[in-house]
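For reference, the chains in residue letters:
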Amino acid sequence: MSTLSVITICFNNLAELQKTCASVDGQTRVPDEHWVINGSTTTEIAEWLTQTPQPSYRKWINERDKGIADAFNKGIARSNGEVTHLLNSGDVYASEDVISCVMDVFDKSPDVQWTSGNIQMTRAGKKVLVGKPFEKSKLYRGMRSVSHPTWFVKKQVYSRIGLFKSDYKIAMDYDLMCRIADEPYAYINKPIAIFDDTGVSNTQYLNSLKENRRVYESYFGFSPKLLAWQVRLKVLHHLLQTGLGKWLFSLKQKAGLENL
């Protein structure tokens, strides 16, 4: 069986970390190791990790980092599993059999280098389940239906495409998706994670679109399709802040179209 390293980065958010750790510990197949990369400025998380009994597979480092990408890279560099999963503090597995189901795909299809699946998130105040198979031709659409918390990636992939780039503060996962696009892939039509909507990609949504455009153009050049798509996203973002937008989205959800 393939081995798995789960990597969780955290920053001054003990309650969210505890929620994520409980989710990992509740899996029917637990990971071979669970790295907690703690870059906090307070001692609360470090004290919890060191003073509370932890499972033997949980490991951690307590030191400042240079941002999200740097924290991701620290975890990947320390991991020993053949497969890695980045499950941020606050995010949780959608069910207790997620690891078992995903790792079964890698065991049965050894050529597969990365997978993604479905994610539960909040849109217009309503919980929705979204996710689609990755298509390189639709990279201009950003991360809309291929959510990073659902990715499981073989560690050897990073030796070919590189780690996360620290010059991106929000879109480092989108940048990685542009580089991983040609690696053998499998879509798992199953809820993988429940997303913590307080993360930077949500709270700085419009800034994330700017970074996405910079990333895309660095690889593929100017794209009218990307510009048009981002106009659509900006309009929808502002509309969903209104009562009318939320009502329209509720109709869309009832029609089963929330994944479009």
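Use the structure listed above.
To keep things clear, this report deals only with the structure shown in the data block. (Residues numbered from 1 in each chain as written. Predicted model: local features only at pLDDT ≥ 70, side-chain atom pairs only at ≥ 80, totals over all residues. Heavy atoms only, no water.)

Description of the pattern of salt bridges
- According to the stated counting rule, one finds eleven salt bridges in the structure shown.
- One salt bridge connects aspartate 25 with arginine 58, and the closest N-O pair in it is separated by 2.7 Å. Taken together, the residues aspartate 25 in helix H1 (residues 14-25) and arginine 58 in strand E3 (residues 58-62) connect sequence positions 33 residues apart.
- A relative accessible area of 5% places arginine 58 in the buried class. (Salt bridge = Lys/Arg side-chain N within 4 Å of Asp/Glu carboxyl O. Helix = DSSP H or I, 4+ residues; strand = E, 2+ residues; numbered from the N terminus. Buried < 20%, exposed > 50% of the residue type's maximum accessible area, 1.4 Å probe, protein only.)

Here we look at the packing of aromatic side chains
- Applying the stated rule across the entire model yields nine aromatic pairs.
- Here the aromatic rings of phenylalanine 72 and phenylalanine 164 are separated by 4.8 Å at their centres, their planes lie at 50°, and the arrangement is tilted. Of this pair, phenylalanine 72 sits in helix H3 (residues 68-78) while phenylalanine 164 sits in the loop between helix H5 (155-161) and helix H6 (172-180), and the two are 92 residues apart along the sequence.
- For phenylalanine 164, a relative accessible area of 4% corresponds to the buried category.
- Here tryptophan 114 and tyrosine 185 contribute two aromatic rings whose centre-to-centre distance is 4.6 Å and whose plane-to-plane angle is 50°, an arrangement assigned as tilted. Here tryptophan 114, found in strand E6 (residues 114-123), pairs with tyrosine 185, found in strand E9 (residues 185-194); they are 71 residues apart in sequence, far enough to count as distant.
- The exposure class of tryptophan 114 is buried, given its relative accessible area of 0%.
- Chaining the aromatic ring pairs together yields one cluster made of Trp114, Phe134, Trp151 and Tyr185. (Phe/Tyr/Trp six-rings, centres within 6.5 Å; stacked < 30°, edge-to-face > 60°.)

Details of the nonpolar core
- Judged by nonpolar contacts, the single largest core of 37 residues is most densely connected at Leu139, Trp151, Phe164, Tyr174 and Met177.
- Here this core takes six residues from H6, the largest share from any one element.
- The contact partners of tyrosine 174, leaving out residues within four places of it in the chain, are Leu139, Tyr140, Gly142, Met143, Asn212, Val215 and Tyr216.
- Val6, Val83, Ile188 and Ala193 belong to the second largest nonpolar core, which has 23 residues in total. (Core = buried A, V, L, I, M, F, W, Y, C linked by side-chain atoms within 4.5 Å. Contact = heavy atoms within 4.5 Å.)

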